[in-house]
Each structure stands twice: as structure tokens, then as C-alpha cells.
Amino acid sequence: MSAILSKENENAQQPDVALTINGLAVNAHTGMTLVEAAWHAGVPRVTSVGCMEGVCGSCRVMLRRGKDVTVGLACQTFAEEGIEVVFMPPASAPRHHYEIGDFKDAWDIHARFQDIFPEASRCRHCHGCDSACPKGITVENGVALAAAGRYRDAGEAFFECVMCELCDVACPELIAPAHVGLFCRRVTAHFHLRPPNLIYRLEELRQERQSVALIESDEEK
Amino acid sequence: MSNGIPLAEALARYRPDSDIGSLPELADTDTLLNTYHPDHLRDSVVKLAVGANTGDHCQHELAGLLQSEAFIDEADLAGTPVTDADVLVIGGGGAGCAAALAAAEKGARVLLVTKLRLGDSNTVMAEGGIQAAIEPDDSVQRHVQDTLRGGHHAGDPALVAAMAEDGPEVLRWLIRQGMQFEQTPSGDLHTRRAGGMSAARLVHCRDYTGLEMMRVLREAVIQHRSIEVWEQSPAVELLSNEHGQKCVGAVLTSLLDDQLRIVRTRSVILATGGLGRLHLNGFPTSNHLGATGDGLVLAYRIGARLRELDSFQYHPTGLLHPSHLAGKLVTEGVRAAGALLVNGLGRRFIDELQPRDVVCAAILRECSEGRGIRIDGQRVGVWLDTPRLERAQPGLLEKQFPNLMTRTRVSGIDPRIEPLLVHPTLHYQNGGAVIDTNGATTVPGLYAVGEVAGGIHGRNRIMGNALLEIISFGRRAGIAATASRDRGPKKVTLEHVNRLRRALTLAGMPLTQRAPRILPDYAAGGVWKR
Ligand SMILES: Cc1cc2nc3c(=O)[nH]c(=O)nc-3n(C[C@H](O)[C@H](O)[C@H](O)COP(=O)(O)OP(=O)(O)OC[C@H]3O[C@@H](n4cnc5c(N)ncnc54)[C@H](O)[C@@H]3O)c2cc1C
Ligand code: SF4
Ligand code: SF4
Ligand code: FES
């Protein structure tokens, strides 16, 4: 049967499921996301929600199924019988600081990276980040690529990263993989993205402005 | 609306290789728009009775909020902690971050406050791309013309020219901040042509343009030494000087602990985004949770003029199914890549790359005239024929639209095999605060940038101009706000609140409703008692 039809039939029956959210026992319908379930049941202060489509990384939850504890995104997880859900508090401020404008020379970049993220070379390959990532990103490998100076490839590994920072929470070495990934993506663009069509148009516009300015100053004379 | 072709029947009839017929001639766009576009629904528009736009047309639910009571009065301000900043930016989307970064680059101490988490915004959800005239066969001139034509010539040509001229420079600035874009094999920025464009002008990062922009700007803001960020801190009111004539700060609340805070400053930059979550005219929306039109309410109460308050963009292709993604978008990029719209009879009914308002009205026409596909008593839509696109260009969906594929995969739908059911969704606020080319509103000290501002898109926005606008005007306002050299406020008051309250009383209007909304009712559990 078609996926739409079977899904719609399921919605029509809507059997109730019982779960807990932030310690409160609530009921929900199959097919509801955990965000919808929390609002539907009136769980107070569920405001770490943004896009509701899995791209903003705000709706971080801890999930307990029996003994099994995982993390995930509430808007991408459906209500299920017996699951315990806790919306996580906002992430703490990052511990790594840099301003991209301070980087003047791409030849220094690996030294800068090691200054800013000294922990990255101490990864103990525990896979904590990989199992935390709701987007299935190969975080551990991304960190290894970064530590090896392969910024373009590392950045590409983080392409679908939604900034939830669940990998940061999971990392015992405080490597902050999410920020490592962003660093890699940013320096790749900052130093290496030099598109000819854009550069040509920028120069054309600069010359136009210059000649307009010349004409105007002539007119003033 | 119960007419339409039942889903099972429409599915049985659907084939990705069927003959979909030739496109019927589009007789008269004006009649189509006047009959079916939600802006023209009967009783949807009223005239404002008080404030700077007295007598102007305004969507009725929005009018109710603009002409309403504030959350706080003078008594609430006593004993409230005060923070000083050179520039206060309200809103942590793309426009707010660009403004904060520009002001900080100019040496200002910036405080950026935002309702939810930094980056929870409409910006992060943008998929399609950002416009800039960079191709050899394109020009700033053509960008200006397309924008004005797309907006039915209601836009302000000076603002449009400022934005289009900034286009290439905006891309350079974004690349400097570390944003990546799709490239051609020879290293050019890859461009697409989408609805309303006379040349290929849409630059993008696959279908995650907004996410890439937002995560880079968010990181840049977090990392910046001169920018402080307060999250979960919505602005509930602006502050004025003792004459109620100049904006000198804002009052914030906290979604975490309900504590009010006063911020005193020389300039306030409103960057609060749109209002999809007001669900105007009962429509679903593509917008993020925080899009409740707060900036319009705050700006109007302090006396700023607004414009095009009766004009909203309903994106033609919101998902109708699955229900937890109702109203969420299928980017126009999919139509730009060649996907067709097909009704329940298996027929094409409109040129898919017509301006959005026209395509939207055409879909609503199909639905109301019984040619839509009906899921149940309420939900009717049309097909977006993705399987046909996949047949024509195998692999394209997976390669260019990973976002769409990931989202539908969660629900067990494969757009390569089954067409998507779509219906128009409330997407964008075309109008907003009246601004000049610095983003300054008609109230001294108050700037407005991004979706909360008006004048660029006229009565209809073409794709990719919003992402350009937020950076172009965000930066302009950030710089201008920093240039203000006055000594800062002596006194912060709610004089403007009193003024509007008097006007409302004089006009005999009830003071029953409080605004801004901050959160839609369904998400406000435990946060307040309105
Ligand atoms: C699904 C989707 C796809 C889109 N695709 C494209 C596209 O491809 N190309 C394009 O050009 N445009 C696109 N747009 C439009 C574009 O993304 C937005 O118009 C633009 O990003 C708005 O930016 P902004 O910074 O003005 O507002 P936002 O990005 O929405 O940011 C506003 C911020 O203000 C905060 N805020 C709101 N109220 C308050 C308050 N009272 N106090 C404090 N903070 C507050 C919000 O929480 C939010 O963080 C799309 C929009 C959507 C929804
Ligand atoms: S890489 Fe980290 S921050 Fe990015 S999506 Fe995965 S867990 Fe979240
Ligand atoms: S969680 Fe940290 S230490 Fe463990 S594999 Fe990931 S990056 Fe390495
Ligand atoms: S709300 Fe944005 S990822 Fe869940």
C-alpha cells in the first residue's frame, strides 16, 4: 500500500500511548512528535523548540526506554509507549574562542587550530559523539580529520550538522566536536572560496562606483 | 471544504509517466488573485482606527494585536534591574546577527536578546537560496526590475536598489564569515533561476542555505568579544524618552524565570522576523515557533509607521501530509528544478514558475473547484510531481535536496516514488515597518531589519530576496545605529504606551487583548497567564 495511505489510516485510528515528559505522566496519539505530545498535554515551559522540522537543533531531549538511555531531537522523535522524555536545558557557553577575522594567514591555520582546540588531538575514540548525533554524522571521524589538518573534508563530514551540540555534551574530553566542525567549514570558505563570477562582478561594480564618483566630482567643479 | 477527489482514487489514477496535458492558458491573473488569494478573502481586512496607520487596510487578526493593551505598565518597572548597552538588537535570526556583527565591527558594545535559542528563526529554515546578480548575463538593474515587478510595483525603489547593489558584497561578507556555497566545476558560485527571475541569480548551499548561513552567523556572534547574547529573553515592550518620541531601550522578560529586565541604550534594532505563527486566516505555516509578529506590535505602539499590512505570502507548496509536518515547506527549488504541479484529475493547471501569489491562488482554485485531492473533511491539496522529476533527472532529488529527502524519510515517504501532497501555507510577511536605506524607522532611535521591515518586496516577495535583505539591511542598520553619537537616554518611560492607550479609549476600542503574543497558545503552557 502507498505510504501516504497507510500513514493516514494509522492517524485515523489514533490509539493512545502513555509516556512521561519532564517527569509528568501524559497521553499522546501515535504519530505525534514528542514536541506535539508535550504541548498537547500542557507540559509547562517547553520552549526549547524552534523549527519543528529537525534543522535548528533546539529541541534536545534525553530519552529513557527501560535501561537504555539515548539523546535525540524531540521534533524528530515520535511518542511511544512507556518512553521517559526529559527536555534538556540550554547548552552552556562554549569554551573555545576565536574570531575568524583574526586569522590573517592560511599557512598558520593548523597552529591556530591546535591553540584553539588543543583537546581535539586527544580523542579517545569512544564513539560517544557518533551515538549522540541525531543526524548520523560521523563526528568522531570528522574530529580526526580536523586534527590531521584536513579541514575541507572534516567540514564536509559536518554538512548536515544542526548545531544541537549533543556531541559536545557526550564528549568526555570536552573536545566540542560541533564547534570543531564549524571551525573547519568556516576556514574552508574563508580562505579557499574564491569564485571567479563573484570576483568579476565585484570589480565591475567597484569600477562603476569609481567612475560615478569621478563624474560627480567633475560636476561639482 | 469537502469536495475533491478522494486520496485513494487520486493515487490509483496517478502515474509518473502519464500525459498531463498541455498547460491551459492563464486568462487573467488579476481575476485569479482577486478571487482566490487569501489576502482578498472577504472580511479578512479592516481599517486601523488608531496609531500611525490610522485609516489604512490591515489583516483583521493583526489589526487586533496592533490595537491592543501592553503587557506591562509603570508599576512593573520599579525595582527592575537595568543593563546598559550601546546597541540593543532584538531577535537572533539572520538579520539580528548581521546587525550585531556589523555594529560590533564598528566598535559598539552590543547586547543581542532573543526569544528562544540563538538561531531559532525563519532564517535557519530557508532552503532555496539567496539572490545576487553575479552572472555575466545578469545585472543589478535587472535584479531591481525583477524585484519591483514581482512585488506588483508596490516596493520602494530606493530600498530595492540599495539591496540589489549590496548583493555581491553581501556574498563576499558571508564567505568571509565562513559560509560555504555550491560551486560549479570551474569554481564559480552555482546559480539557479527561480520564479520571477529574468536570469539565474539564486546562489545556494544545496538545500540548506539558511542552516549554513545561520550556523555560521550564530557561531560568529557567540565568538565575538563585543557581543553579549541573552537567550529565552523576549522583548515585551520598548521604552521611550519622557516625551514618548524616541526609542531608548526595551523591557524583556525571561521564559526561564519570568524576571523582567530593562535595557537602556542609544539605538534599538528590531529584528524579530515574521508572523506565520499567528496562523492568519486559519492557515498552517512554514514558520518557526517564534514568528508571532511581536516586532510589528512593539514598533506600532511606539509610533512607527508600518506598510502593506494586508499583504502576506502564502507559499504554494506547503506539505499537507504527514500531519506533523503540516504547513512545512517544499522549497521552490524543486519546482525550479522542473517538478510540476498536478491536480486530482492528473492535469497540469498553472505554469509552476509564475510568481508565488499566482501559483498559490491557482492551487486554491483547483481545491475549491473540486479538482483537488482530499485526505479527509478538512485537508485538500494537489500533487507536486516529484516522481516525474526523478524520471527525467535520475538522482537529482537525492543530490540537490537532501533536506527534503531526510525530512520525508522520517515519515516513511519517498518522494521519488510517490508524489507529495501540497497546499498553500502562510509563509512570509510582505510588509512591515517603514524604513529608509539605513533601516531606520520613522521613530528616532528605532531600526527595523529583516522580515519585520517592509518596503522591499512590495506585495509579493520573489525567492531568495529575504536572505539577501536580512544581511544587506542588517549590516546597514548595525553600522548606522553605531554612528549615533548622542549621550544616551536620561530617562526611560512608557509614555508611548500611555499615548496609545488614550487613543484606544478615545476611539472606544476595548482593551481586552494584550500583545505581543510571544508564543502561540498551543506552546505557551506554564509560561503565562495572558
Ligand atoms: C521554511 C522557510 C523557507 C524559506 N526559504 C527562503 C529562501 O530560500 N530564500 C529566502 O531568501 N528566504 C527564504 N525564507 C524567508 C527567510 O528565511 C526569512 O524571511 C528571513 O530569514 C527572516 O530573517 P529575520 O532575521 O528577519 O527573522 P528570523 O530569522 O525569523 O529571526 C527572528 C528572530 O527574532 C526572535 N524574536 C521574535 N520575537 C521576539 C521578541 N519579542 N523578543 C526577542 N526576540 C524575538 C525570533 O525568535 C528569531 O530568533 C524562508 C522562510 C521559511 C520560513
Ligand atoms: S554533529 Fe553534533 S551538533 Fe551537529 S548535529 Fe551532530 S550532535 Fe548535533
Ligand atoms: S566523544 Fe569525544 S573523545 Fe569520544 S570519540 Fe567523540 S570526539 Fe572522541
Ligand atoms: S525544533 Fe528545530 S530541531 Fe527540533
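Calculation criteria
- Residues numbered from 1 in each chain as written.
- Chains lettered and ligands numbered in written order.
- Predicted model: local features only at pLDDT ≥ 70, side-chain atom pairs only at ≥ 80, totals over all residues.
- Heavy atoms only, no water.
- Near = heavy atom within 4 Å.
- Nonpolar A, V, L, I, M, F, W, Y, C, P; charged D, E, K, R; others polar.
- Axes fitted to C-alpha atoms, helices over the stretch in contact; angles between N-to-C directions.
- Helix = DSSP H or I, 4+ residues; strand = E, 2+ residues; numbered from the N terminus.
- Parallel < 35°, antiparallel > 145°, perpendicular 65-115°, else oblique.
- Left-handed = near helix turned anticlockwise from the far one by under 90°.
- Contact = heavy atoms within 4.5 Å.
- Pairing = 2+ DSSP bridges.
- Buried area = accessible area lost by both parts, 1.4 Å probe.
- Salt bridge = Lys/Arg side-chain N within 4 Å of Asp/Glu carboxyl O.
- Polar contact = N/O pair within 3.5 Å; in protein donor to acceptor, adjacent residues only side chain to side chain.
- Phe/Tyr/Trp six-rings, centres within 6.5 Å; stacked < 30°, edge-to-face > 60°.
- Buried < 20%, exposed > 50% of the residue type's maximum accessible area, 1.4 Å probe, protein only.
- Lys NZ or Arg CZ within 6 Å of the ring centre and 35° of its normal.
- Expected span 1.5 Å × (residues − 1).
- Domains from an automatic or database assignment.

**So, the site of ligand 3**
Inspection of the region around ligand 3 gives Cys123, Arg124, His125, Cys126, His127, Cys129, Glu140, Cys171, Pro172 and Ile175 of chain A as its neighbouring residues. Looking at side-chain class alone, the shell around ligand 3 contains 6 nonpolar, 2 polar and 2 charged residues.

**Observations regarding the packing of helix α6 (residues 140–150) of chain B against helix α7 (residues 157–177) of chain B**
Residues and elements named next belong to chain B. As a packed pair, α6 and α7 sit with axes 9 Å apart at the nearest point and diverge in direction by 135°. Our classification of the angle between α6 and α7 gives oblique. α7 is crossed by α6, and the crossing has right-handed handedness. The segment α6 lies against α7, with Val140, His143, Val144, Thr147 and Leu148 engaging Pro157, Val160, Ala161, Met163, Ala164 and Glu165.

**Considerations on the sheet that holds strand β1 (residues 16–21) of chain A**
Residue and element names in this part refer to chain A. Spatially, the 5 strands line up as an open sheet ordered β2-β1-β5-β3-β4, and their pairing is mixed. Bordering the open sheet on either side are β2 (24–29) and β4 (68–73), each of which pairs with just one other strand. Sheet twist, expressed as the mean angle between neighbouring strand axes with direction ignored, is 30°. Bridging between strand β3 (residues 60–65) and strand β5 (residues 84–87) involves 4 bridges; their strand directions are antiparallel. Note that in β5 the partner of arginine 64 across the bridge is glutamate 84.

**Thoughts on the interface of chain A and chain B**
Taken residue by residue, the interface counts 62 residues in chain A and 78 residues in chain B. Of the roughly 6100 Å² buried where chain A meets chain B, counting both sides, 55% is carbon and sulfur surface. At the junction of chain A and chain B, the tally comes to 8 salt bridges. In this structure, glutamate 165 of chain A and arginine 218 of chain B form a salt bridge, with 3.2 Å as the shortest nitrogen-oxygen distance. Inspection of the region where chain A meets chain B yields 30 residue pairs in polar contact (both at pLDDT 80 or more). Elements with a contribution of two residues or more to the side of chain A that touches chain B: α1 (3–13), α2 (34–40), α8 (177–192) and α9 (196–220) of chain A. The element contributing the most residues to the side of chain A that touches chain B is α8 of chain A, with 7 residues. Residue composition of the side of chain A that touches chain B, by class: 31 nonpolar, 16 polar and 15 charged.

**Some words on the packing of aromatic side chains**
Counted according to the given criterion, the structure contains 13 aromatic pairs over all chains. Ring centres of tyrosine 98 of chain A and phenylalanine 103 of chain A lie 5.8 Å apart, and the angle between their planes is 10°; on these two criteria the pair is classed as stacked. Ring centres of phenylalanine 283 of chain B and tyrosine 314 of chain B lie 4.7 Å apart, and the angle between their planes is 65°; on these two criteria the pair is classed as edge-to-face. Pair noted here: phenylalanine 283 of chain B is in the loop between β12 (261–270) and α9 (294–301) and tyrosine 314 of chain B is in strand β14 (residues 312–319), with a separation of 31 residues, a long-range link. Each member of the pair, phenylalanine 283 of chain B as well as tyrosine 314 of chain B, is classed as buried. Counting every residue linked through ring pairs, the aromatic cluster contains Tyr98, Phe103, Phe113, Phe117, Tyr151 and Phe183 of chain A. Sitting above the plane of the tyrosine 428 of chain B ring, arginine 461 of chain B keeps its charged end 4.1 Å from the centroid.

**Quick notes on α8 of chain A**
In a regular helix each residue adds 1.5 Å, so 16 residues correspond to 22 Å; α8 of chain A covers 22 Å between its end C-alpha atoms and thus fits that length. Counting buried residues along α8 of chain A, 15 of its 16 residues qualify, which places the element largely inside the surrounding structure.

**Examining the domain arrangement of chain B**
All names here are of chain B. Per the domain assignment, the segments of chain B are domain 1 (5–36 + 316–426) and domain 2 (74–311 + 430–483). The C-alpha centroid of domain 2 is placed 30 Å from the C-alpha centroid of domain 1. Every contact between the two is made by 27 residues of domain 1 and, on the other side, 26 residues of domain 2. Across the domain 1/domain 2 interface, buried area totals approximately 2000 Å², and carbon plus sulfur atoms make up 52% of it. Interface area lost by domain 1 to domain 2 is led by Arg356, Asn403 and Leu426, which between them contribute 31%. Here domain 1 is connected to domain 2 by 1 salt bridge.

**A look at the pattern of salt bridges**
This model, assessed by the stated rule, comprises 48 salt bridges over all chains. In this structure, arginine 65 of chain A and glutamate 80 of chain A form a salt bridge, with 2.9 Å as the shortest nitrogen-oxygen distance. Here glutamate 80 of chain A lies in the loop between β4 and β5 and arginine 65 of chain A lies in strand β3, a separation of 15 residues in the sequence. A residue is classified by how much of its surface remains accessible, and glutamate 80 of chain A, at 29% relative accessible area, is partly exposed. Taking the shortest distance from any N to any O, the salt bridge between glutamate 369 of chain B and arginine 371 of chain B comes out at 2.9 Å. Taking the relative accessible area as the measure of exposure, arginine 371 of chain B reaches 23% and is therefore partly exposed. Overlapping salt bridges bring together Glu53 of chain A together with Glu127, Lys328 and Arg407 of chain B as one network.

**Brief notes about the sheet that holds strand β6 (residues 130–131) of chain B**
Residues and elements named next belong to chain B. Read from one edge to the other, the open sheet built from 3 strands follows the order β6-β8-β7, with strand pairing classed as antiparallel. Unpaired on one side and paired on the other, β6 and β7 (191–192) mark the two borders of the sheet. Bridge count between β6 and strand β8 (residues 202–203): 2 bridges; the pairing is antiparallel. If you follow glutamine 131 over to β8, its bridge partner there is leucine 202.

**Regarding the domain arrangement of chain A**
Residues and elements named next belong to chain A. Domain boundaries in chain A define domain 1 (2–87) and domain 2 (100–191). Each of domain 1 and domain 2 has a C-alpha centre, and these two points are 30 Å apart. Listed by partner, the interface residues are 8 residues for domain 1 and 9 residues for domain 2. Carbon and sulfur atoms make up 64% of the surface buried where domain 1 meets domain 2, a total of about 660 Å² over both sides. Broken down residue by residue, the surface that domain 1 buries against domain 2 is led by Arg60, Val71 and Leu73, which jointly contribute 57%. Between domain 1 and domain 2 we count 0 salt bridges in total. Scanning the region where domain 1 abuts domain 2 turns up 2 residue pairs in polar contact (both at pLDDT 80 or more). For the side of domain 1 that touches domain 2, the element with the most residues is β4, which contributes 3 residues. Here the side of domain 1 that touches domain 2 is built from residues that sort into 4 nonpolar, 3 polar and 1 charged.

**Comments concerning unusual backbone geometry**
Residues and elements named next belong to chain B. With an omega of -5°, the peptide bond between histidine 321 and proline 322 qualifies as cis. Mapped onto the fold, proline 322 is located in the loop between β14 and α10 (332–336). Between alanine 515 and the following residue, proline 516, the backbone shows a cis peptide bond with an omega angle of 5°. Along the polypeptide, proline 516 turns up in the segment after α16 (495–506). Located in the positive-phi region is glutamate 308, a residue other than glycine, with phi close to 45°. Tracing the sequence through the fold places glutamate 308 in the loop between β13 (306–307) and β14. What makes glutamate 308 buried here is its relative accessible area of 16%.

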